[in-house]
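Examination of the molecular architecture
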Amino acid sequence: MSKKRLNGKKKTADDTRNVCVYCGSGLGLNPAYKEAARELGASLASNDIGLVYGGGSLGLMGEVARSTLEHGGRVTGIIPNFLVEKEAMLRDVDEIIVTENMHQRKQLMFDRSSAFVALPGGVGTLEELVEQLTWVQLGRHDKPVVVANIDGFWTPFLNLLTHMKSDTFIRPGLDVRFTVVDDAKKIVPAVMNTWDQEPTPAATEAVLAKL
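Residues numbered from 1 in each chain as written. Predicted model: local features only at pLDDT ≥ 70, side-chain atom pairs only at ≥ 80, totals over all residues. Heavy atoms only, no water.

Description of the overall build of the chain
Scanning the chain from N- to C-terminus turns up 7 helices and 7 strands. In the chain, the succession of α and β elements from N to C terminus is β-α-β-α-β-β-α-β-α-β-α-β-α-α. Scored against the burial criterion, the 211 residues of the chain give a buried share of 46%. In the chain, of all internal contacts separated by at least 6 residues, the share reaching a separation of at least 24 is 73%. Accessible area for the chain stands at about 10,800 Å²; split by element, carbon and sulfur atoms hold 54% of it. (Helix = DSSP H or I, 4+ residues; strand = E, 2+ residues; numbered from the N terminus. Buried < 20%, exposed > 50% of the residue type's maximum accessible area, 1.4 Å probe, protein only. Contact = heavy atoms within 4.5 Å. Areas by Shrake-Rupley, 256 points an atom, 1.4 Å probe, with all protein chains shown as cover.)

Describing helix H3 (residues 102–111)
For H3, every residue scored as buried is listed here: Arg 105, Lys 106, Leu 108, Met 109 and Phe 110. Packed against the buried residues of H3 are strand E1 (18–22), strand E2 (50–53), strand E3 (75–80), strand E4 (95–99), strand E5 (115–118) and helix H4 (123–137). Near the N-terminus of H3, the side chain that reaches the backbone nitrogen of His 103, with its oxygen 3.1 Å away, is that of Asn 101. (Polar contact = N/O pair within 3.5 Å; in protein donor to acceptor, adjacent residues only side chain to side chain.)

Focus: the packing of aromatic side chains
Counting across every chain of the model gives 6 aromatic pairs. Considering the side-chain rings of Phe 110 and Phe 116, the 5.8 Å spacing of their centres and the 10° angle between planes classify their relative orientation as stacked. Of the two residues, Phe 110 and Phe 116, neither departs from the other in class, the shared state being buried. Centre to centre, the rings of Trp 154 and Phe 157 are 5.8 Å apart; their planes meet at 70°, and the pair counts as edge-to-face. Accessibility classification places Trp 154 together with Phe 157 in one group, the buried group. One aromatic cluster is present, built from ring pairs that chain together Tyr 22, Phe 110, Phe 116 and Trp 135. One cation-aromatic arrangement involves Lys 143 over Phe 110; the distance from NZ or CZ to the ring centre is 3.7 Å. (Phe/Tyr/Trp six-rings, centres within 6.5 Å; stacked < 30°, edge-to-face > 60°. Lys NZ or Arg CZ within 6 Å of the ring centre and 35° of its normal.)

Observations concerning the nonpolar core
Counting residues in hydrophobic clusters, the biggest one holds 37 residues, and the most contacted among them are Val 19, Val 21, Leu 40 and Ile 187. For this core, the secondary-structure elements that each account for two or more residues are E1, helix H1 (31–46), E2, helix H2 (59–70), E3, E5, strand E6 (145–148) and helix H6 (187–195). Ranked by the residues each element gives to this core, the list is headed by H1, at 6 residues. Aside from chain neighbours lying at most four places away, what touches Val 19 is Leu 44, Ile 49, Gly 50, Leu 51, Val 52, Ser 113, Ala 115, Val 117, Val 191 and Trp 195. Core analysis: the second largest hydrophobic core is formed by 21 residues, Ile 97, Phe 157, Leu 158 and Leu 161 among them. (Core = buried A, V, L, I, M, F, W, Y, C linked by side-chain atoms within 4.5 Å.)

Notes on the sheet that holds E3
Sheet architecture is open: 7 strands sit in the order E4-E3-E2-E1-E5-E6-E7, paired in parallel fashion. The sheet is open, and its two borders are formed by E4 and strand E7 (179–181), each paired with just one other strand. Averaged over all pairs of adjacent strands, the angle between strand axes in this sheet comes to 20°, irrespective of strand direction. Pairing analysis gives 5 bridges linking E3 to E4, with the strands arranged parallel. Bridge pairing in E4 places Ile 79 opposite Val 98. (Pairing = 2+ DSSP bridges. Axes fitted to C-alpha atoms, helices over the stretch in contact; angles between N-to-C directions.)

Rendered as structure tokens:
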């Protein structure tokens, strides 16, 4: 039976890694988005990687969580109390954490995760992705960030980053570091490949020295 926690306290960390997945609470119009979410859930489970996500049962969030569970994987849902009903909190997971606000939710999702993946989603997904890219750019963490550009969903955003760089708002030496994949099957291999190439402390210090 699944173990559930509703008091916001952390359980003892296990020896495995978790991936935080940002995605929409809707399905979108393209069936490929749902297929990608389910493929990612299955891939996480088969590689013994836990899923950390926003805790809802709707849309792509629900699809990636249910697929992870159906394939024998571990799922931690983290959701603020004001969204428990609105996003139909998924209760059949290994751990549920209900936070007081969005800030606690985001911090816990960061603390519990060793990498971040953005599937298609709305402004909330975009905001979460941009926050992680900013933290990487500023040297606040070196965890992998993967943008799953399913059927070109994130292409307008990627073009915007290129525009920012060409206009020097993203300055040389402070590039936004992340990986783009165009197929859900490539997400977990991209994450694991980055884990295998984690930067040395000297490389991290070099980034901080530029600030």
